[in-house]
Amino acid sequence: MKVVMTRGKNIFASRNIQFEAKTSTCHDRLKNVVIFLKTDKIGESVRGVIKFSLITRIFLLFSMIISCTLLPNFDAGNDVQVFDMRLNLLRDSHGTIMGDSSSCFCLEGHACEILFYSSNSENGHGIIGGDNVDTNTRLRQRNDILRHPKCMDGQKRKVAFHTVYIYDILLSPFTRWDAARFLTIAVDPRARYPRINDGVQNPECLIQNIGDIDSKDTCHVVNGDDDDYRFTSSEQAHAFFPLFPLILRYLSLLLATLIPQSLLPPTYEALVVLSGVLWNVIAFTMSAVAFHNLTRSMLIHATKWREEAMDDVEFHRDVVRISNLATVLYCLNPANIFFVTCYSESTFSLFTFVGYYLFDKCQTCATRKGTFTRIGYLWCTTMSWMLASYTRSNGTLISAFIFLHLCGNILNYHWRNTICIKNFFLLIIKSCGTICVYSVSVFAVIAPMLLHDQRGIEMHCKNRYLQYKPHWCDFDVDDPHSKFSLYRYVQKAHWNVGFLNYWELKQIPNFLLAFPILFSSFTGVMYWIQKSWNEGFPDNLHGTARVSIGNILKWSFQALKKIEAAEHPSVLNKEDGPLYLMLAGSKTLAHYALLAGFACLGTFIAHVQISTRMICSACPAIYWFMTLILLRCEDRVHVGSKVVTDKVLVCYLLSFHVLSVIFHVNWLPWT
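Residues numbered from 1 in each chain as written. Predicted model: local features only at pLDDT ≥ 70, side-chain atom pairs only at ≥ 80, totals over all residues. Heavy atoms only, no water.

The subject of this paragraph is the overall build of the protein chain. For the protein chain, the helix and strand inventory stands at 24 helices and 6 strands. A burial count over the protein chain gives 55% of its 671 residues as buried. Counting contacts in the protein chain only where the partners sit at least 6 residues apart, residues at least 24 apart contribute 77% of the total. Here the protein chain displays about 31,100 Å² of accessible surface, and carbon together with sulfur accounts for 61% of that area. (Helix = DSSP H or I, 4+ residues; strand = E, 2+ residues; numbered from the N terminus. Buried < 20%, exposed > 50% of the residue type's maximum accessible area, 1.4 Å probe, protein only. Contact = heavy atoms within 4.5 Å. Areas by Shrake-Rupley, 256 points an atom, 1.4 Å probe, with all protein chains shown as cover.)

Take a look at the structure:
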């Protein structure tokens, strides 16, 4: 079945808008790949989204395993953290496997010790030591555990070599690069804390490989003034927000409680990796459903005030098809590998897209009868975005999304009610109430960053058992008016993150790697601006309105007002059809503004190579713009002299999938 926007009479026949038959040719290329695009029913479409999402996850998982098995691993350098799953096989001097190996499921001091705490506490074991043991003794005991970790489940148990070998092959690809940091934080509850001094001249030795019982050279003697070395581990751990590691930790504990140990991986570390893979598959599938529902809701509500469209069956079929295509692009996004491995992108996308969907539902509760329902949706939206901010730091940028809708709400409210409401003070009170509600949401989204910073400062600067403290503790960290941010300091000190700091000649390969997503993002933003500008100046629809400060201000106020407007603009380019209203209309202003913000962040401030996964995990607008490209694949999309075609887009998606599977799992630099 061809996926076309019109069959027979179009719902916008009053405007004589007809899509040409050639538009369907690009969709036929995806027909054999995207099975669920053939359905027209919403329920069947959602099941198709789940099915397609799981298929792509399974395909990527096996591709990564095969790549890691067949291709050699490269040396990533000594400064790259490696996660040890303790899946060590007994080998002879020639590297040949000798036979079964011994394994300890849980090491003392790891998060899994809670599974054995009740039994060990009766025998005087465990790091808690009872209520009569003071904090200093606990911390000293923690140091001893780190140096000489013991097996919590008694003696080591023998594990068949083929079991260890299989788990090592299956799970190793998902521990690369930053995944090792997330996994270490999930396994070790004290990974974020600085090491406590021994009570001697030299501070406590730092253990690089947590859980390596047989390691003899894990202690390093440093001078008392070597702050950079002493606090490197705990400071770098602060750059990774806690929600995703906590999910992995408690999911693995749940699996260890419900499933017999004989059916689990031989070590707790391996179980955490398995939990991370399972969780990311589940989280991505749920995020795909949320994105599909968001797109469908946006398409329907974009024309909800057109009575001739609401009762048209063909219109709803087209809405489902467009939503399916956009969801396919999300499931095949160029940063897909980071949604599978033990990174936090899938979790962040889940809470972010659920928040977008709930916020869109909140916007539709416009009647007085739905006032409390709208407030309920708004608070659920805020909670979802709070969880997103507690997963990744860039979740705080969502506050700009809320702020733009607040401005549009106020402008549209005054525009509609200045004449109707004679009591000016009542209008002011209602406006202040709206500002208060949205301001609370903005603060709630930013709060996780502030709390995470405060917790890191308390760990390093307010621990009275630390003999040495980092030098940044002298920066008035306790002053509420201080502009010091531990997260910003860590990013600057350890990764050189800052404005134009990454603009170096040696970073040209990384800029080339991020160029496609940045170009697509800026092109999509410029496309939206061009359409919105033409809409704001209908007399210049086929020309260009003079760019002046007055026109820019007029256009800005009109764009903000229409983001919350009940009616749709009357200007509609004939060649765009309903696609402009649905995928790049006035109500998508905040989404494209957020896309521009993330693109600028990746270009000028952050490491440019993370732009791909940063944008793909947070911005629905990038998929809507790609959908628009595919729906108009025979008509080139121009922005100045730039041209984007569907062939380039398809090649981009396919090439990034192949290269990521080869590069990332074999310790080669990737996005």
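Following both chains from N to C, one finds helix 18 (residues 508-536) and helix 23 (residues 620-631) inclined at 80°, their axes separated by 10 Å at the closest point. Regarding the angle of helix 18 to helix 23, the classification is roughly perpendicular. Across the interface between the two elements, Ile 517, Ser 520, Ser 521, Thr 523, Gly 524 and Tyr 527 from helix 18 touch Ile 622, Phe 625, Met 626 and Leu 628 from helix 23. Of the residues belonging to the contact of helix 18 with helix 23, the class tally is 6 nonpolar, 4 polar and no charged. (Axes fitted to C-alpha atoms, helices over the stretch in contact; angles between N-to-C directions. Parallel < 35°, antiparallel > 145°, perpendicular 65-115°, else oblique. Nonpolar A, V, L, I, M, F, W, Y, C, P; charged D, E, K, R; others polar.)

As enumerated under the stated definition, the model contains 3 disulfides in all. Cys 106 shares a disulfide with Cys 112; S-S distance 2.0 Å. One quick way to see it: the torsion about the S-S bond of Cys 106 and Cys 112 is about 95°, and its sign makes the bridge right-handed. Each member of the pair Cys 106 and Cys 112 is classed as buried. Numbered by order of appearance in the sequence, the disulfide-linked cysteines of the protein chain pair as 1-4, 2-3, 5-6. (Disulfide = S-S within 2.5 Å.)

To continue, consider the environment of Ser 63. Inspection of the secondary structure assignment puts Ser 63 in helix 2 (residues 42-70). Here the alpha-carbon distance between Ser 63 and Val 661, two residues 598 residues apart in the chain, equals 6.7 Å. Looking at Ser 63, its side chain comes within polar contact range of the main-chain oxygen of Phe 59, at 2.7 Å. (Polar contact = N/O pair within 3.5 Å; in protein donor to acceptor, adjacent residues only side chain to side chain.)

As a further point, take the nonpolar core. In this structure, Phe 174, Tyr 268, Ile 615 and Trp 624 are the most contacted members of the largest nonpolar core, which totals 151 residues. The element contributing the most residues to this core is helix 10 (residues 268-302), with 18 residues. Setting aside anything within four residues of it in sequence, one finds Trp 624 in contact with Phe 291, Leu 294, Thr 295, Met 298, Ala 326, Leu 583, Thr 588, His 591 and Tyr 592. (Core = buried A, V, L, I, M, F, W, Y, C linked by side-chain atoms within 4.5 Å.)

Overall, the coordinates contain 4 salt bridges when judged by the stated rule. Among the ionic pairs, Glu 504 bridges to Lys 506, the shortest N-O distance being 3.8 Å. The class of Glu 504 is partly exposed, set by a relative accessible area of 33%. Among the charged side chains, a network of salt bridges with common partners joins Glu 345, Arg 392 and Arg 613. (Salt bridge = Lys/Arg side-chain N within 4 Å of Asp/Glu carboxyl O.)

Two aromatic rings are characterised by how far apart their centres lie and by the angle between their planes. Scanning the model with the defined rule gives 35 aromatic pairs in all. Taking the centre distance of 5.6 Å and the plane angle of 85° together, the rings of Phe 241 and Tyr 487 count as edge-to-face. Linking Phe 241 in the loop between helix 8 (232-237) and helix 9 (243-258) with Tyr 487 in helix 17 (residues 486-495), this pair joins segments that are 246 residues apart in sequence. Tyr 487 matches Phe 241 in its accessibility class, with the two residues each being buried. Centre to centre, the rings of Phe 284 and Phe 339 are 5.5 Å apart; their planes meet at 75°, and the pair counts as edge-to-face. Here Phe 339 lies in the loop between helix 12 (313-331) and helix 13 (345-364) and Phe 284 lies in helix 10, a separation of 55 residues in the sequence. Assigned by exposure class, Phe 284 and Phe 339 land together as buried. (Phe/Tyr/Trp six-rings, centres within 6.5 Å; stacked < 30°, edge-to-face > 60°.)

For the protein chain, the mean per-residue pLDDT works out to 77, and 70% of the residues sit at or above 70. Element-level mean pLDDT values for the protein chain span from 42 in strand 5 (residues 637-639) up to 96 in helix 22 (residues 611-616). Note on residues 1-38: pLDDT under 50 across the span, and 77 contacts to partners over four residues away in sequence or across chains. Counted against residues more than four places away or in other chains, residues 634-644, with its pLDDT under 50, gives 21 contacts. (pLDDT = per-residue confidence, 0-100.)

The subject of this paragraph is helix 9. A rise of 1.5 Å per residue sets the reference length of helix 9, with its 16 residues, at 22 Å; its end C-alpha atoms lie 22 Å apart and thus fit the reference within 8%. Within helix 9, the full set of buried residues consists of Leu 243, Phe 244, Pro 245, Ile 247, Leu 248, Arg 249, Ser 252, Leu 253, Leu 255 and Ala 256. (Expected span 1.5 Å × (residues − 1).)

For the rest of this paragraph, the subject is the side chain of Ser 344. Residue placement: Ser 344 occurs in the loop between helix 12 and helix 13. Polar contacts involving the side chain of Ser 344 include one to the side chain of Arg 392, which spans 3.1 Å.

Further remarks concern unusual backbone geometry. Not every positive phi belongs to a glycine, and Arg 86 is a case in point at roughly 60°. The phi angle at Trp 667 is positive, at roughly 65°, despite the residue not being glycine. Of note, Trp 667 is situated in the segment after helix 24 (646-663).

Before going further, it helps to spend a moment on helix 13. Between the first and last C-alpha of helix 13 there are 29 Å, a value that for 20 residues agrees with the 28 Å anticipated at 1.5 Å per step. In terms of residue burial, helix 13 counts as a mostly covered element, since 16 of its 20 residues are buried.

Where nonpolar side chains cluster on the molecular surface, the patch consists of Ile 50, Leu 54, Ile 58, Phe 62, Ile 66, Leu 70, Leu 71, Val 658 and Ile 662 and spans about 800 Å² of accessible area. The element contributing the most residues to the nonpolar patch is helix 2, with 6 residues. Along the polypeptide, Ile 66 turns up in helix 2. (Patch = residues over 30% accessible without salt bridge, like charges linked within 9 Å, V, L, I, M, F, W, Y side chains within 5 Å.)

Attention now goes to the side chain of Arg 176. Topologically, Arg 176 is positioned in the loop between helix 5 (161-171) and helix 6 (178-187). Buried and without a salt bridge, Arg 176 has Asp 168 as its closest oppositely charged side chain, separated by 7.5 Å. At a separation of 3.2 Å, a polar atom in the side chain of Arg 176 contacts the main-chain carbonyl oxygen of Ser 172. Dropping the residues within four chain positions of it, Arg 176 is found in contact with Cys 68, Asn 73, Tyr 343, His 664, Val 665 and Trp 667. (Lys, Arg positive; Asp, Glu negative; His and termini not counted.)

Their axes nearest at 9 Å, the elements helix 18 and helix 21 (residues 589-604) cross at an angle of 150°. With respect to helix 21, the axis of helix 18 lies roughly antiparallel. Classified by chirality, the crossing of helix 21 by helix 18 is left-handed. Facing helix 18, whose interface residues are Phe 511, Leu 518, Ser 521, Phe 522, Gly 524, Val 525 and Trp 528, helix 21 presents Leu 589, Tyr 592, Leu 595, Ala 596, Ala 599, Cys 600 and Thr 603. Of the residues in the contact of helix 18 with helix 21, the class split is 11 nonpolar, 3 polar and no charged. (Left-handed = near helix turned anticlockwise from the far one by under 90°.)

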